[in-house]
Each structure stands twice: as C-alpha cells, then as structure tokens.
Amino acid sequence: AQTVTQSQPEMSVQEAETVTLSCTYDTSENNYYLFWYKQPPSRQMILVIRQEAYKQQNATENRFSVNFQKAAKSFSLKISDSQLGDTAMYFCAFMPREGSGGGADGLTFGKGTHLIIQP
Amino acid sequence: EAQVTQNPRYLITVTGKKLTVTCSQNMNHEYMSWYRQDPGLGLRQIYYSMNVEVTDKGDVPEGYKVSRKEKRNFPLILESPSPNQTSLYFCASSLSDYNEQFFGPGTRLTVL
C-alpha cells in the first residue's frame with residue numbers, strides 16, 4: 001500500500017511570490033505516476049501537473065513546476081509568480097503505472113495543503 | 001463537452017433513508033471510481049469499476065454499494081445512511097485504471 005504525506009496543512013504568501021508545496025510518498029512500486037490537484041472554493045478537482053516516475057525531467061506547466069526526487073520519494077510543487085486565483089487546496093496524489101500490478105487501487109491522496117495568496 | 005456529471009450536487013437526508021447519487025461520463029471511459037473527501041483526511045476511494053459489471057472495494061467501502069450496468073453510469077447507493085457518511089463525494093473516470101482521472105463536480109451529502 002502507498003502513503004502520501006503533505007506536511008504543510010496551510011501556507012500563506014503574498015501575490016507574485018514563489019511558493020513551494022511539499023509532498024513525500026512511500027511505495028515499493030518502481031513505476032508510477034504522481035499528480036498535483038488543485039481544489040478551489042468551488043470544490044472542483046483540477047489536475048495541475050503530472051509526473052511519470054520513469055522520466056528524469058521535471059514536469060512543468062506554465063507557472064507550475066515540480067521537483068521530483070525519486071530516491072528521496074519527494075515530489076514538491078513550485079508555483080511561480082503566484083496569483084490570487086491560485087488560492088486553493090492542493091492535493092498530492094500517487095498512482096501505480098501499468099505493469100506494476102497495482103493500478104486498480106486508483107489514486108492515493110495526501111491530506112492537502114491549503115494555500116492562501118494574499119493581495 | 002467531455003465531462004463527468006453527478007446528481008444531486010447537494011443533498012440533506014435523514015438516517016436510514018436510502019439514497020442514490022448518480023454519476024455519468026460521456027468520454028467512453030472504462031474505469032470509474034468514487035471517493036469521499038473529509039476535512040483533514042484528503043480523498044479516500046470507496047469503490048471502483050474496471051468495466052461494465054466489474055466492481056471492487058476501495059479503502060472505505062462500508063455502508064456503500066455501487067453498480068455498473070452501463071459503461072457511462074456508476075451510481076453510488078447508500079442503503080441506510082448514517083451521520084458518519086456526511087461528506088463530499090466525488091466520482092471520477094478514466095480511459096483505464098492507469099490513466100489520468102477526470103473528476104465530477106462533487107456531491108455534498110449531509111445525513112442528519
């Protein structure tokens with residue numbers, strides 16, 4: 001079984017600053033996916049970024065990038081030039097990859113980090 | 001528009017009164033799943049379905065039932081709801097169990 005840990009229940013930064021959300025996970029799998037989901041006040045779950053564990057290059061999506069350290073089982077999310085609309089809950093999630101035998105377990109989520117962007 | 005829909009979006013009910021939350025997707029996805037979200041606990045998987053007539057338990061299945069008679073629909077059934085099932089429920093779907101999951105808008109359930 002996998003576990004995902006987000007050690008920061010809440011963070012607050014000023015608009016335009018850069019912020020990093022931490023995530024660590026524990027698994028015996030070698031092939032897997034990692035995700036960051038954003039949940040704004042509307043409660044909709046929005047995929048922010050995904051990383052495939054077999055890829056060494058860190059994923060980036062505009063202002064969002066990750067620092068994936070496979071050996072350390074760490075998967076942090078960096079938000080550059082933060083905006084008021086980035087205020088949300090952020091969830092880190094893990095999913096085994098095809099061939100590893102555990103895909104039917106679905107997503108394992110961390111408990112979330114509430115990010116507040118101050119004007 | 002490709003989407004996952006859930007109904008109702010909000011529901012207040014009383015202990016013991018059977019209810020069904022519907023979930024439908026229009027993306028021809030094989031894999032569907034139900035999660036519940038509780039404060040401080042993140043999202044936890046209740047049940048999932050790999051395909052029509054194939055369902056299995058997730059991490060917190062007690063008190064819930066599901067069915068998958070059609071590919072597009074995956075209803076969540078609470079035969080005898082209890083207050084500890086008050087939660088925010090999400091349905092999700094994906095091409096297969098290894099692909100990115102798309103989430104519905106959520107159903108806020110309160111059991112009195």
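Preceding this paragraph is the structure being described.
Computed from a predicted model, the values in this text were never measured in an experiment.

What is the right way to read the state of the cysteines from this model?
Throughout this description, disulfide means a covalent bond between two cysteine sulfur atoms. As enumerated under the stated definition, the model contains 2 disulfides over all chains in all. Between the sulfur atoms of cysteine 23 of chain A and its disulfide mate cysteine 92 of chain A the distance is 2.0 Å. Around the S-S axis, the bridge from cysteine 23 of chain A to cysteine 92 of chain A shows a dihedral of about -70° and counts as left-handed. One end of the pair, cysteine 23 of chain A, is in the loop between strand 3 (19–21) and strand 4 (24–26); the other, cysteine 92 of chain A, is in strand 10 (residues 88–96), and 69 residues separate them in sequence. In this pair, the class of cysteine 23 of chain A matches that of cysteine 92 of chain A, namely buried. A sulfur-sulfur distance of 1.8 Å marks the disulfide that ties cysteine 23 of chain B to cysteine 91 of chain B. Between cysteine 23 of chain B and cysteine 91 of chain B, the S-S torsion sits near -70°, and that sign places the bridge as left-handed. Remark: cysteine 91 of chain B occurs in strand 9 (residues 87–94) and cysteine 23 of chain B occurs in strand 3 (residues 19–25); sequence separation between them is 68 residues. No difference in accessibility class separates cysteine 23 of chain B from cysteine 91 of chain B, as the two residues are buried.

What's the story with the nonpolar core in this structure? I'm lost.
One broad rule of soluble globular proteins: the nonpolar side chains tend to lie buried together. With 26 residues, the main nonpolar core has Leu21, Tyr25, Trp36, Phe75, Leu77, Tyr90 and Leu115 of chain A as its most contacted residues. Going through the elements one at a time, strand 2 (10–14), strand 3, strand 5 (32–39), strand 6 (46–52), strand 8 (64–69), strand 9 (74–79), strand 10 and strand 12 (113–118) of chain A are the ones with two or more residues in this core. Top element by residues in this core is strand 10 of chain A. It accounts for 4 residues. Those residues in contact with tyrosine 25 of chain A that sit more than four places away from it in its chain are Thr3, Val4, Tyr32, Leu34, Phe68, Gln69, Lys70, Lys73, Ser74, Phe75 and Phe94 of chain A. Counting residues in each nonpolar core, the second largest holds 19 residues, with Val21, Val60, Leu76 and Tyr89 of chain B among its members.

Is there a simple way to explain the packing of aromatic side chains in this structure?
Each aromatic ring pair is characterised by the separation of its centres together with the angle its planes make. Per the stated rule, a full pass over the model turns up 16 aromatic pairs over all chains. Here tyrosine 33 of chain A and phenylalanine 35 of chain A contribute two aromatic rings whose centre-to-centre distance is 6.2 Å and whose plane-to-plane angle is 45°, an arrangement assigned as tilted. Just as tyrosine 33 of chain A is buried, phenylalanine 35 of chain A falls in that class too. Ring geometry for tyrosine 37 of chain A against phenylalanine 103 of chain B: centres 5.3 Å apart, planes inclined by 80°, an arrangement best described as edge-to-face. In this pair, tyrosine 37 of chain A is assigned in strand 5 and phenylalanine 103 of chain B in strand 10 (residues 102–103), connecting two distinct chains. Comparing tyrosine 37 of chain A with phenylalanine 103 of chain B shows no difference in burial state: the two are buried. By the ring-pair criterion, three or more aromatic residues cluster together here, those being Tyr33, Phe35, Tyr37, Phe91 and Phe109 of chain A together with Tyr35, Phe90 and Phe103 of chain B.

Help me understand the interface of chain A and chain B in this model?
By convention, interface size is frequently given as the accessible area that disappears when the constituent parts associate. With 22 residues of chain A in contact, the opposing surface of chain B contributes 21 residues. Regarding the contact of chain A and chain B, the summed buried area is about 1,800 Å², with carbon and sulfur atoms giving 54% of it. Linking chain A with chain B are 0 salt bridges. Linking chain A to chain B there are 4 residue pairs in polar contact (both at pLDDT 80 or more). Looking at the side of chain A that touches chain B, the elements with two or more residues in it are strand 5, strand 6 and strand 10 of chain A. In terms of residue class, the side of chain A that touches chain B is made up of 10 nonpolar, 6 polar and 6 charged.

Scoring rules and cut-offs
Residues numbered from 1 in each chain as written. Chains lettered and ligands numbered in written order. Predicted model: local features only at pLDDT ≥ 70, side-chain atom pairs only at ≥ 80, totals over all residues. Heavy atoms only, no water. Disulfide = S-S within 2.5 Å. Helix = DSSP H or I, 4+ residues; strand = E, 2+ residues; numbered from the N terminus. Buried < 20%, exposed > 50% of the residue type's maximum accessible area, 1.4 Å probe, protein only. Core = buried A, V, L, I, M, F, W, Y, C linked by side-chain atoms within 4.5 Å. Contact = heavy atoms within 4.5 Å. Phe/Tyr/Trp six-rings, centres within 6.5 Å; stacked < 30°, edge-to-face > 60°. Buried area = accessible area lost by both parts, 1.4 Å probe. Salt bridge = Lys/Arg side-chain N within 4 Å of Asp/Glu carboxyl O. Polar contact = N/O pair within 3.5 Å; in protein donor to acceptor, adjacent residues only side chain to side chain. Nonpolar A, V, L, I, M, F, W, Y, C, P; charged D, E, K, R; others polar.

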